[in-house]
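# Descriptive structure summary
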Amino acid sequence: MVFKYHKRETRRGTLTQMQMNNPKTDLRTKRRSLRFRKWKDKLVRLFSIFSITLVVGGMAWILLTVISHGVGVIDFKFLTQPSKPYGIPDSGIANALIGTLLITLGAAVLSVPPAIAGGIYLSEFGKYSKIGHFIRFSANVMMGIPSVIVGLFVYIILVVPMGTFSGFAGAVALAIIMFPLVMRTTEDMLGMVPYTLRESALALGMTRARTTICIVARAAKNGLLTGILLGLARVSGETAPLLFTALFSDSWPTEFFSQPTANMPVLITEYATNSPFEEMHAAGWGAALIITLVVLLINIFTRIVFRTRHAK
Amino acid sequence: MSIIAEGACFRTHPLCVREKAMFATDNIFKTICLICAGLIGLLMIGFFVQLAFSSVGAWKEFGLAFLWSSEWDPVSEKFGALPSIVGTLLTTTIALVIALPLSFVSAFYLVDLPVAIGKILSQALDLLATIPSIIYGMWGLFILAPIMQNYVQPFMVDTLRLGDIPIIGRFLGEDYNGFGFFTAGLILSLMILPYICAIMRDIFAMTPPMLRESAYGVGCTKWETTKDIVVRYGIRGLLGGVFIGLGRALGETMAVLFVIGNMTQLPSALFDSGTTIAATLANNFPEAAGVQQSVLFALGLILLTMSFGIQVFAQWYLNTTSAKRGEER
Amino acid sequence: MALSIVAAMSAYGANITLNGAGASFPAPVYQVWTYAYTQITPDVKVNYQSLGSGAGINQIKAGTIDFGGTDNPLTLEEQDEANLVQFPMLTGGVVLIVNLPELKNKELKLDQKTLSDIFLGNIKVWNDPSIAALNPEVKLSNTKITVVRRSDSSGTTFIFTDYLSKISPEWKEKVGTGASVAWPVGIGGQKNPGVCNNVSKIRGSIGYTEYTYAVEAKLKCVTLKNKAGKFVAPTPKTFSASAADADWENAKGYYMVLTDTEGENSWPITGITYILIKKDAPDKEKQQALYKYFNWCLTSGANSASKLNYVPLPMNLVEKVQNDVLK
């Protein structure tokens, strides 16, 4: 017999004898009201709709702000005139556009070949080896390094010895950021190519090198291109590294390797926050709109070209 | 592959010679690829080495006390890292506190939507995640900060009378001007939301349908399934995703720089202005010289260590759960 | 393809590029000058980046630029130590800007005590009795005062804190003078435009900046009481009045601070902005191009400087500089 003052441990709490006698308070069998649970579920659903709206709405708000502030500024002159100091008419962003183009292309040239080679190693030779594991790990870690640190690093190893800011240093900084990105996407893309393709090639007597380059890479070339484009889109918006390396200049980027080079992100920073004049703010929004559109377009394009990427 | 094993191949046999040459390029190819891949490790080490090198002056001058000193006096050249470190941690915490519940609940909703709408929304979210961070900074400076100063903060402090509740009031702070940790945290949360949401959505989608169907079978509601079953199943993947978002928020410069207020002091309230490590770096670097420059490098080293630690942790988590999530190792 | 574009462009590039960076105080004029000069001399390209005086001094010392701009003057010893030559370029005024929608431009009056108290954090709201006493005709609201100051190393800060140290012993003891100080209160903006931006966004804020920025950004200025006891509004006239009696003969290395000067109509926070160049640069051709450029600025550039509300240097000083330095 269980005494009145004994307590009994259940998973949901301790019960006295009296509580156990009453079905309403006996936690061992007390049922949560179904209505309560349904109501809780509906509440969470409501909250989730609210939060999705908040999230997508917030981002859409940002996009709309950029569009509404920037669209009025863009015209032919804006896109073809170089930037000029405040007060001089006909100022534009053409030199910054070309500068960004050169810097990102430079970053691509510097980072894509080694990144693809590295990705090939990871997917063909290093899939299960310890070194491959370590390198994959490092690549993932490097993808998360703050870009301001990269800028600092390149400042010390390039800008100070060279004695000048330059677009080239900016390209190097962006290349460092792009490198792990492209390497990982290369590895993923090459990994998606079915083994049978490789084995057939090897059975025919091709070397690993030829197999990889001529067969596997060719099969995955869409994916590789996607990876490169995504990397480019990502780095074209990076500001912090360029602040330390390429700076800015009002002239055409003719001395890419030896002089500060105009570029879009720094132009946006300069015009939007380093200038109290309304016209420059407007120009900054216009430039921001252009860069946002370019990044979005590249991303949409890659998604269309490589639809199954999302299946991951 | 050649039928003739290499060891048994006559060196002068025409077939062997050609094959040997062919397969020699294989080794060269492999080595080149290995070197390129190894560059990553080299870079990683290079970062640490170079930052450590350049910050030697600061460590010599202040020693380890640099980490918890909160002075910042350029005139007398006394610097401390504590305000920046605390600022970084505070903005990241605020960002996570706001982003995590929202992304959890959004992912919960996205997973159960009909395929068409779900895909569109997910794609939209992913696309919007690619917006450069400087755009967030501009939006924050021009749009959000005035709204915070003119509507939201007065609403919180005066209308809702949150300022009068003793602990919360102290925590919020009385001086507000639209700039500060709260605004910066908001912007950061908006930046990391898409990442965390995408990862959570993937985790939710990866749970075996069997588990969820079983839960529905015993009468669980959708929310209970997610809360009790799915989360417990994918907790490690979820945490990995959280850490990745955390790592991203930690190092964000441009979005925070414009709205944080740039005061190198310890935060005492939510609405206070302050600074983060990345903002201190961006602000002071162009003109720093001597001790101040090595101080900034020391700050960079601290940020790198923090970010590196979190990334390693996240990768380790994701690695140990990759089998569970159906990925190849 | 990209390389060929670069190569083609380089073929049309300038022969000499002069890179300058530094103070944001004179940046509006410097950038107009660099643009105009590049137009008229196609084989010389000049470029000026507004980074702040501290950055300018840093970079000319490191040799990453050809000339630096600073309002934080170096003493002759500092110049010799860094192997630099310094000479003045322009005079301008540091003004206080406020964001008080109910007031008109230059309507608010502050004197030495209220100004220093605001920046020390002793006065916290706008309708404080001491401010109201100076402004009987204006109705000030109970808005909190948000101080906006520079977050970077700045010559403008140097000029302003020098003035504050002169008028307030408490400031001199607690904070002191410098390009970068430990501010008791205030949020930071980057460079002059950053301060202007912050002030224009925060209601009830007060900040300090160079006059041109305030005018072009349409911000409201403050009328200050000068040493002679008169309330003066910031205008190029009051700036030149302040600079009129400057004793350049005895200024070693052209080191001169023009705050809190005597004179009925003097603006109390006037500043001179300087150029720093390397003393014996190895590239003689570049050096000559630099001298030519600065000669042009001092003489032909005076017009555009006045249009932008700066005060060009008086003729005799220009000649002195030309004979001393730019040979």
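Predicted, not measured: the structure shown is a model, and the values here were computed from it.

About the thresholds
Residues numbered from 1 in each chain as written. Chains lettered and ligands numbered in written order. Predicted model: local features only at pLDDT ≥ 70, side-chain atom pairs only at ≥ 80, totals over all residues. Heavy atoms only, no water. 1 Å grid on protein atoms, 1.4 Å probe; cavity = no way out; pocket = protein on both sides within 12 Å on 5 of 7 lines; lining within 4 Å. Points joined across faces, edges and corners; volume = space filled by probe spheres on them. Helix = DSSP H or I, 4+ residues; strand = E, 2+ residues; numbered from the N terminus. Nonpolar A, V, L, I, M, F, W, Y, C, P; charged D, E, K, R; others polar. Pairing = 2+ DSSP bridges. Contact = heavy atoms within 4.5 Å. Buried area = accessible area lost by both parts, 1.4 Å probe. Salt bridge = Lys/Arg side-chain N within 4 Å of Asp/Glu carboxyl O. Polar contact = N/O pair within 3.5 Å; in protein donor to acceptor, adjacent residues only side chain to side chain. Phe/Tyr/Trp six-rings, centres within 6.5 Å; stacked < 30°, edge-to-face > 60°. Buried < 20%, exposed > 50% of the residue type's maximum accessible area, 1.4 Å probe, protein only. Lys NZ or Arg CZ within 6 Å of the ring centre and 35° of its normal. Domains from an automatic or database assignment.

The next point concerns empty space enclosed by the protein. If you walk through the whole model with that rule in mind, you get 8 cavities of 30 Å³ or more. Surrounding the largest cavity, 19 residues form its lining, Glu270(A), Tyr271(A), Asn274(A), Met280(A) and Gln31(C) being those nearest its centre. Going through the elements one at a time, helix 12 (264-273) of chain A together with helix 2 (27-40), strand 2 (44-50) and helix 9 (191-201) of chain C are the ones with two or more residues in the lining of the largest cavity. In terms of residues, the lining of the largest cavity owes the most to one element, helix 2 of chain C, which gives 3 residues. Looking at the lining of the largest cavity residue by residue, the classes come out as 10 nonpolar, 5 polar and 4 charged.

Residues and elements named next belong to chain C. The sheet built from 3 strands is open, its strands ordered 5-10-11 with mixed pairing. Edge strands, defined here as strands with exactly one partner in the open sheet, are strand 5 (109-110) and strand 11 (231-232). Of the pairings in the sheet, the one linking strand 10 (residues 223-225) to strand 11 comprises 2 bridges and is antiparallel in character. Residue pairing across strands places Lys225 opposite Phe231, the latter belonging to strand 11.

Let's shift gears to the side chain of Ser50(C). Positionally, Ser50(C) belongs in strand 2. When near neighbours in sequence (up to four residues on either side) are disregarded, Ser50(C) contacts Gly22(C), Ala23(C), Ser24(C), Ala27(C), Gln31(C) and Lys191(C).

Space left empty within the atom packing is revealed by a probe, the size of a water molecule, rolled over the atoms. Here the second largest pocket defines a volume of roughly 740 Å³. In terms of lining, the second largest pocket is formed by 30 residues, of which the most central are Ile57(C), Lys61(C), Asn72(C), Ser153(C) and Ala179(C). Elements supplying a minimum of two residues to the lining of the second largest pocket: helix 12 (291-320) of chain B together with helix 3 (53-62) and helix 4 (76-82) of chain C. For the lining of the second largest pocket, the element with the most residues is helix 3 of chain C, which contributes 4 residues. Here the residues of the lining of the second largest pocket are counted per class, giving 13 nonpolar, 11 polar and 6 charged.

To continue, consider the interface of chain B and chain A. Many structure descriptions define interface size as the accessible area lost when the parts assemble. Each partner contributes to the interface: chain B provides 79 residues, whereas chain A provides 83 residues. Both sides of the chain B and chain A interface together cover about 7600 Å² of buried area, and 80% of this is carbon and sulfur. On the chain B side of the interface with chain A, the three residues burying the most area are Phe29(B), Ile40(B) and Phe47(B), jointly 9% of the side's total. Along the contact surface separating chain B from chain A lie 2 salt bridges. Close ionic contact of Arg37(A) with Glu224(B) constitutes a salt bridge, the shortest N to O distance being 3.1 Å. Within the residue set of the side of chain B that touches chain A, elements represented by two or more residues are helix 1 (14-54), helix 3 (82-112), helix 4 (115-128), helix 5 (133-159), helix 7 (181-206), helix 9 (222-250), helix 11 (277-284) and helix 12 of chain B. Per-element accounting of the side of chain B that touches chain A gives the leading share, 19 residues, to helix 1 of chain B.

This part covers the interface of chain C and chain B. Counting residues at the interface gives 24 residues for chain C and 25 residues for chain B. Summed over both sides, the interface between chain C and chain B buries roughly 1900 Å², with carbon and sulfur atoms accounting for 49% of that surface. By the criterion of area lost to chain B, the three top residues of chain C are Asn58(C), Lys144(C) and Lys201(C), representing 27% of everything that side buries. Where chain C packs against chain B, one counts 0 salt bridges. Run the count over chain C and chain B and you get 2 residue pairs in polar contact (both at pLDDT 80 or more). For the side of chain C that touches chain B, the secondary structure elements donating two or more residues are helix 3, strand 6 (146-150), strand 7 (187-189) and helix 9 of chain C. Considering every element that reaches the side of chain C that touches chain B, the biggest residue donor is helix 3 of chain C, with 4 residues. Grouping the amino acids of the side of chain C that touches chain B by side-chain chemistry returns 7 nonpolar, 12 polar and 5 charged.

With that settled, consider the packing of aromatic side chains. A ring pair, where both rings are aromatic, is described by two values, the distance of the centres and the angle of the planes. All names here are of chain C. All told, the structure shown has 39 aromatic pairs over all chains when counted by the stated rule. Each ring, one from Trp183 and one from Tyr208, has its centre 5.7 Å from the other, and the planes form 25°; the classification is stacked. Within this pair, whereas Trp183 is found in the loop between helix 8 (169-174) and strand 7, its partner Tyr208 is found in strand 8 (residues 205-210), the two being separated by 25 residues in sequence. Of the two residues examined, Trp183 and Tyr208, each falls in the buried class. Through successive ring pairs, a cluster of aromatic residues spans Tyr30, Trp33, Tyr37, Tyr48, Phe67, Phe87, Tyr293, Phe294 and Trp296. Here the basic side chain of Lys109 rests over the ring of Phe231, its NZ or CZ set 5.9 Å away from the ring centre.

Further remarks concern the pairing of strand 8 of chain C. Consecutive residues of a regular strand have side chains that alternate between opposite faces of the sheet. Residues and elements named next belong to chain C. For strand 8, the buried fraction is high: 6 of the 6 residues fall into the buried class. Direction of pairing for strand 4 (residues 84-98) relative to strand 8: antiparallel, over a ladder of 5 bridges. Residue pairing for strand 8: Ile97 is matched across the bridge by Gly207. One ladder, built from 3 bridges, connects strand 6 with strand 8; its direction is parallel. By the bridge assignment, Val147 is partnered in strand 8 with Ile206.

Residues and elements named next belong to chain A. For chain A, the assigned domains read domain 1 (2-70) and domain 2 (76-311). One C-alpha centre belongs to domain 1, the other to domain 2; they are set 46 Å apart. The partner domain 2 presents 7 residues to the 6 residues of domain 1 that form the contact. Counting the surface lost from both domain 1 and domain 2, the interface buries some 520 Å², and carbon and sulfur atoms represent 87% of this. On the domain 1 side of the contact with domain 2, Val66, His69 and Gly70 bury the most area, a combined 69% of that side's loss. Here domain 1 is connected to domain 2 by 0 salt bridges. Taken together, the connections running from domain 1 to domain 2 amount to 0 residue pairs in polar contact (both at pLDDT 80 or more). Grouping the constituent residues of the side of domain 1 that touches domain 2 by class yields 3 nonpolar, 3 polar and no charged.

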